[in-house]
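Report on the structure
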Amino acid sequence: MKILSIETSCDDTAISIFEVRGTAKPSFKVLANNSNSQINIHIPYGGVYPVLAKREHAKNLPILLEASLKQAKLEKKSKPVDAIAVTYGPGLEMCLWEGIIFAKDLAKKWGVPIIPVNHMEGHVVSVFGKHKGKFLIPKVKTPILSLLVSGGHTQLVLSKKFMQYEIVGETLDDAVGEAFDKVARMLDLPYPGGPQISKMAEIERAAKKQIIFGSLSPRARGALPLGSSACETPKNDCFSFALPRPMLHSKDFNFSYAGLKTAVLYLIRKIAPDGKLDYKTKSAIALEFENAAIECLVYKTKKAIEKYGAKTLMVAGGVAANRHLRNEMSALGGKKIKLLFPTLELSGDNSLMIGIAGYLNYIKNKRKVPKPALIKATGNLRL
Ligand code: KG4
Ligand code: ZN
């Protein structure tokens, strides 16, 4: 069967078309995949401006549809696909509605069912994407532990069975991606800040390694942030900022990122009361922030793997693109647990993952779908 999938939960408008085969071990061939990122529109606001995002979705959906139908060579068919999968939550409700209303109009015109999809389940199944537009759903050993890390979520999810979810830990305040974005703003880096901080931290981490292995003296490199006294380590002439690792040793699997973000704010106020930071100091802060943020994720995930005897670990969501997180999780992996990450293109929001999750639900629910009138945008939808 052919499925058209739509994603509009935040600032990406995306449409894909799949050809799906099989139910026991389904395989998906991507016939079309088109998206429009609104990053440039939101940069002046330092974050997603919902009204603008909604307007952009409304403008872009018909354009992406036309392009996708052409790409899939289905533009002349009166019923080009057999079903439509659409994200109905979580996300910005006014944005979700744009996708849902668009899906309802198409479903009526083509006489096909609508499969409502939970965006976070989309992230979970994004780990099955292969390069060259193919998805294969393998047999995955249970229990599965999923670490879902995005701009709106930080969750540890246990699946005793495939596609059954129990949230065993989550952030009590900000999501980790949100903390990356907010700290980036404090460092005057453009939105979305996660990739920017990550890039800065990567360079600084590599430079620090060189110092440790003695190939470059810190003085020669001129890489020392001046004016810091909090955690000076005079022995090797390096300065480091110690940021907290909130809730690291709490007995649950929850996270907290609001305190870490505030600690960065106070640190900046302390070392640069005029708010002016040089590049080297920014890099040092980016590195220590990334280390702190990722350490909390890795430590809690390790504890949860042990407690639940997880056989598979999936890490997904926008922050799964973070290289330090990937490296640290790979070190956790070992032989006892299978580690699955999405490809870099599938880490962020996309409509491919919505189509996959849609189809898997469609067959799980024996092809039963709700009446279109019952499908409503649900901003705070849970897994
Ligand atoms: O899943 P996603 O694309 O959208 C939501 O559903 O929220 O996640 C976006 C988040 C943003 O906060 C962005 O800054 C973060 O993922 N992000 C990263 C990296 N790439 C994207 N955070 C840290 N390191 C990255 N490399
Ligand atoms: Zn997302």
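Structural notes, computed from the coordinates. Just so it is clear, the structure is predicted and the values come from calculations on it, not from any experiment. Per chain, the residues get numbers from 1 upward, laid out in the order the sequence is written. The order in which chains are written sets their letters, starting at A; the order in which ligands are written sets their numbers, starting at 1. The model is predicted, so local features are restricted to residues of pLDDT at least 70 and side-chain atom pairs to those at 80 or more, both for listing and for counting; the totals for chains, interfaces and linings are taken over all residues. Calculation of side-chain values draws on the structure's entire complement of heavy atoms; hydrogens and water are dropped beforehand.

On to the site of ligand 1. Being near a molecule or strand, for a residue, comes down to having at least one heavy atom within 4 Å of it. Looking at ligand 1, there are 18 residues lining it, with Gly151, Asp181, Gly318, Asn322 and Asp349 nearest. Polar contact is defined as a pair of N or O atoms within 3.5 Å, subject to the rule that within protein one atom must be able to donate a hydrogen and the other to accept it, and that residues adjacent in sequence are counted only when both atoms are side-chain atoms. Between Gly194 and ligand 1, the recorded distance is 3.1 Å, taken from a backbone N or O atom to an oxygen atom. Within the side chain of Asn322, an N or O atom sits 3.0 Å from a nitrogen atom of ligand 1. Isolated, ligand 1 exposes 550 Å² of accessible area, and the fraction of that covered by the protein chains is 85%. Where helices and strands are cited, they refer to DSSP runs of H or I of at least four residues and of E of at least two residues respectively, numbered from the N terminus. Of all the elements in the fold, those that place two or more residues in the shell around ligand 1 are α4 (119-125), α5 (176-186) and α6 (193-212). When residues are grouped by polarity, Ala, Val, Leu, Ile, Met, Phe, Trp, Tyr, Cys and Pro land in nonpolar, Asp, Glu, Lys and Arg in charged, and all others, Gly among them, in polar. The class makeup of the residues in the shell around ligand 1 is four nonpolar, twelve polar and two charged. To be clear on the numbers: accessible area is Shrake-Rupley with a 1.4 Å probe, and residue cover counts the displayed protein chains and nothing else.

Our focus in this paragraph is the pattern of salt bridges. By definition here, a salt bridge exists when the distance from a side-chain nitrogen of Lys or Arg to a carboxyl oxygen of Asp or Glu is within 4 Å. Counted according to the given criterion, the structure contains 16 salt bridges. For Arg245, the salt bridge identified is with Glu288, shortest N-O distance 2.8 Å. Of this pair, Arg245 sits in the loop between β12 (238-239) and α8 (258-271) while Glu288 sits in helix α9 (residues 279-308), and the two are 43 residues apart along the sequence. The class of Arg245 is partly exposed, set by a relative accessible area of 22%. Several salt bridges share partner residues, and in doing so they unite Asp174, Glu178, Lys182 and Lys261 into one network. Three labels apply to residues, based on accessible area from a 1.4 Å probe with only protein chains included: buried if under 20% of the type maximum, exposed if over 50%, partly exposed otherwise in between.

Before going further, it helps to examine the packing of helix α2 (residues 50-71) against helix α3 (residues 93-110). The description of two helices packed together rests on the angle between their axes and the distance between the axes. Helix axes use the C-alpha atoms of the stretch in contact, all axes being lines fitted to C-alpha atoms, and the angles between their N-to-C directions lie in the range 0 to 180 degrees. Interhelical geometry of α2 versus α3 gives an angle of 30 degrees and a closest axis separation of 8 Å. Here α2 is positioned roughly parallel relative to α3, judged by the angle of their axes. As α2 runs across α3, the sense of the crossing is right-handed. Note on element contacts: α3 touches α2 through Met94, Cys95, Glu98, Gly99, Phe102, Leu106 and Trp110, opposite Pro50, Val51, Ala53, Lys54, His57, Ala58, Leu61, Pro62, Leu65 and Leu69. Any angle from 65 to 115 degrees is called roughly perpendicular, while one under 35 is roughly parallel, one over 145 is roughly antiparallel, and all others are oblique. We call a crossing left-handed when the near helix sits turned anticlockwise from the far one by less than a right angle, and right-handed when that turn is clockwise. In this analysis, two residues are considered to be in contact whenever any of their non-hydrogen atoms come within 4.5 Å of each other.

Let us now look at the pairing of strand β3 (residues 27-37). Judged from the ten bridges that link them, strand β2 (residues 12-21) and β3 form a sheet pairing that is antiparallel. Across the sheet, residue Ile15 finds its bridge partner in β3, namely Asn34. In terms of strand pairing, β3 meets strand β7 (residues 134-136) through three bridges, oriented antiparallel. Along β7, the bridge assignment pairs Ser27 with Leu136. Whether two strands pair comes down to DSSP finding at least two bridges between them.

Another aspect to go through is the coordination of the zinc ion (ligand 2). For Na, K and Ca the donor cut-off is 3.2 Å, and for all other metals it is 2.8 Å, counting N, O and S atoms only; because water is absent from this set, sites may look incomplete. Taken together, His119 (NE2), His123 (NE2) and Asp349 (OD) make up the protein donors of the zinc ion (ligand 2), found 2.1 Å from the metal. Positions of the donor residues of the zinc ion (ligand 2) along the chain correspond to the pattern H-x3-H-x225-D. On the criterion of sequence distance, the pair formed by His123 in helix α4 and Asp349 in the loop between α11 (344-347) and α12 (352-364) is long-range, its members being 226 residues apart. When its relative accessible area of 0% is taken as the criterion, His123 is described as buried.

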